[in-house]
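Here's the letter readout for the chains.
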Amino acid sequence: MKRNLFGFMALSFLMIGMMSFVSCNKKNAKSGIEYTLKMGKQVTQQFISPLVQIADEHKFFEDYNLAINIELVDRSGSFEAVSAGKLDFITFELVPHLSYGAQGADEILFGGTLTGGMAVMANKNVAEEVKDIHNWKGKTIGVKLLSTSELVSKYVLREEYGFKIDDEVQYKFFNENEPLIAAVSKGAVDIAFVSASYVESAISQGVVYLFPEVDLQKDYICCRQVANGTAFTKNKEAFKRLLKGEIRAYKIYLEDEKEAVDSIVRATHQDEDFVRRTYYSPETSQGARYNPDPNFNGVVGDYQILLDWDYVPHGIELHEFYNISVYADALKEVIDEFPDEQFYKDMWAYFLENNNKHPEFNYTNL
């Protein structure tokens, strides 16, 4: 199934409303704030990136004289808003940004948001057999069209298992989780990639849970941080300070679950149990993790599948709109700021391992 994304990505703006963190309102009134970035948040989102929320709650951005203003935006309009410079950056989704970048849009991927968060499920009649991925040959896989699950699974099944996609493994595409779950329940597809929030509903309909998608590919990429290219190039210092705040928040997120949950509850006024289930519970998060590392390597396979299936035009290389240097500079500065913290040095080792396919990679061990 080959199709081009030009029509798919012909997006229009909806009205954008302004809101700010309470602390950002205070900071804008203070002298000493040197930089301000406009960040988009989907109107329907209950949360933004937890790293941004934790960093703001702990005044890490204020430490670096940075203010983050939040603008409410419709999902479809958000992608074009970044390219047009109406927003400085957003922290959600991947495939639309890869499409825009492939078409020469004014945007740059520069940091990580989310990895994981999807479940692999199966029709009850084949569930035992397909627990072994080698037995997926001859099976039909259901995914949301142009989802990260489509790209990740195609790449892994082709590169690691040697399957001929669309020959030995067939794909069926769906627009939403509900019809996808109905299809796997009825046997119209054998295997389905389902969002974490729909797993319980699928199980109630007789679908069998197999494993989180992170078992198929560790730390597979979902959402990235994406900036307007012109704003990023002119104002790299602001984005570096943004990432420094997120890097420090990541330490709290991983090492102090209680404080992280409390911070997000204070920022969002959401129920504590809901926050914990969203960000930490293995049963309900499906391996979702929030890491600011750009993880260029993890996106290479996704972009290659978009090219191979003619979803996007050829000619622009991924690295041309993917920056890893600002994150590297930010992390180095945090390491210098906290030289006794092994956590940040471990983050540097992770950066070296997951970004060394970038043509401009020239980094070494500390």
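Provided above is the structure to which this section pertains.
Residues numbered from 1 in each chain as written. Predicted model: local features only at pLDDT ≥ 70, side-chain atom pairs only at ≥ 80, totals over all residues. Heavy atoms only, no water.

1. Regarding the overall build of the protein chain
Link 1 in the chain: For the protein chain, the count of helices and strands is 18 helices and 13 strands.
Link 2 in the chain: Relative to the globule expectation of 21 Å for 366 residues, the C-alpha radius of gyration of the protein chain, 20 Å, shows essentially globular dimensions.
Link 3 in the chain: In terms of principal-axis extent, the alpha carbons of the protein chain reach across some 65 × 45 × 45 Å.
Link 4 in the chain: Per-residue burial over the protein chain gives 56% buried out of 366 residues.
Link 5 in the chain: Counting contacts in the protein chain only where the partners sit at least 6 residues apart, residues at least 24 apart contribute 79% of the total.
Link 6 in the chain: Surface exposure of the protein chain reaches about 15300 Å², of which carbon and sulfur atoms provide 47%.
Link 7 in the chain: Seen as two clouds, the 37 positive and the 54 negative side-chain charges of the protein chain have centres 2 Å apart. (Helix = DSSP H or I, 4+ residues; strand = E, 2+ residues; numbered from the N terminus. Rg over C-alpha atoms; globule rule 2.2 N^0.38 Å. Buried < 20%, exposed > 50% of the residue type's maximum accessible area, 1.4 Å probe, protein only. Contact = heavy atoms within 4.5 Å. Areas by Shrake-Rupley, 256 points an atom, 1.4 Å probe, with all protein chains shown as cover. Lys, Arg positive; Asp, Glu negative; His and termini not counted. Charge placed at Lys NZ, Arg CZ, Asp CG, Glu CD.)

2. Here's the deal with helix α9 (residues 177-186)
Link 1 in the chain: When we look at burial in α9, the residues that qualify are Asn177, Leu180, Ile181, Ala183 and Val184. The buried residues of α9 occupy an angular sector of 160° when the element is viewed end-on, so they sit on one face.
Link 2 in the chain: The inward-facing, buried residues of α9 contact β7 (118-122), β8 (140-144), β9 (170-174), β10 (191-195) and α10 (199-204).
Link 3 in the chain: Once α9 finishes, glycine 187 follows within two positions and takes phi at roughly 90°, a positive value. (Arc of directions from axis to C-beta.)

3. Comments concerning unusual backbone geometry
Link 1 in the chain: Notably, lysine 59 is not glycine yet its phi reads approximately 60°, a positive angle.
Link 2 in the chain: You can see lysine 59 is positioned in the loop between α3 (50-57) and α4 (60-63).
Link 3 in the chain: With relative accessibility at 39%, the residue lysine 59 sits in the partly exposed group.
Link 4 in the chain: In the Ramachandran plot, aspartate 310 falls in the positive-phi region, its phi being about 55° despite a non-glycine side chain.
Link 5 in the chain: Among the structural elements, aspartate 310 can be located in the loop between α16 (296-308) and α17 (325-337).

4. Describing α16
Link 1 in the chain: Look at α16: 19 Å from first C-alpha to last across 13 residues, which is about the 18 Å you get at 1.5 Å a residue.
Link 2 in the chain: Most of α16 sits out of view: ten of its 13 residues are buried.
Link 3 in the chain: Listing the buried residues of α16 in full gives Phe296, Asn297, Gly298, Val299, Gly301, Asp302, Tyr303, Ile305, Leu306 and Leu307.
Link 4 in the chain: Among the structural elements, α6 (95-102), α8 (148-159), β12 (224-228) and α18 (342-354) are those in contact with the buried residues of α16.
Link 5 in the chain: The first or second residue beyond α16 is aspartate 310, which carries a positive phi of 55°. (Expected span 1.5 Å × (residues − 1).)

5. Some remarks on the sheet that holds β7
Link 1 in the chain: Taken together, the five strands give an open sheet; going across it, the order is β9-β8-β10-β7-β11, and neighbouring strands pair in mixed fashion. On the outer flanks of this sheet lie β9 and β11 (208-212), each paired with one strand and no other. Adjacent strand axes in the sheet meet at a mean angle of 30° when their direction is disregarded.
Link 2 in the chain: Across five bridges, β8 lies against β9 in parallel orientation. Directly across from valine 143, in β9, lies its bridge partner phenylalanine 173.
Link 3 in the chain: Set on the sheet, α8 makes contact with β7, β8, β9 and β10; between it and β9 the angle comes to about 175°.
Link 4 in the chain: Its contacts with the sheet put α9 on β7, β8, β9 and β10, and the angle it makes with β10 is roughly 150°. (Pairing = 2+ DSSP bridges. Axes fitted to C-alpha atoms, helices over the stretch in contact; angles between N-to-C directions.)

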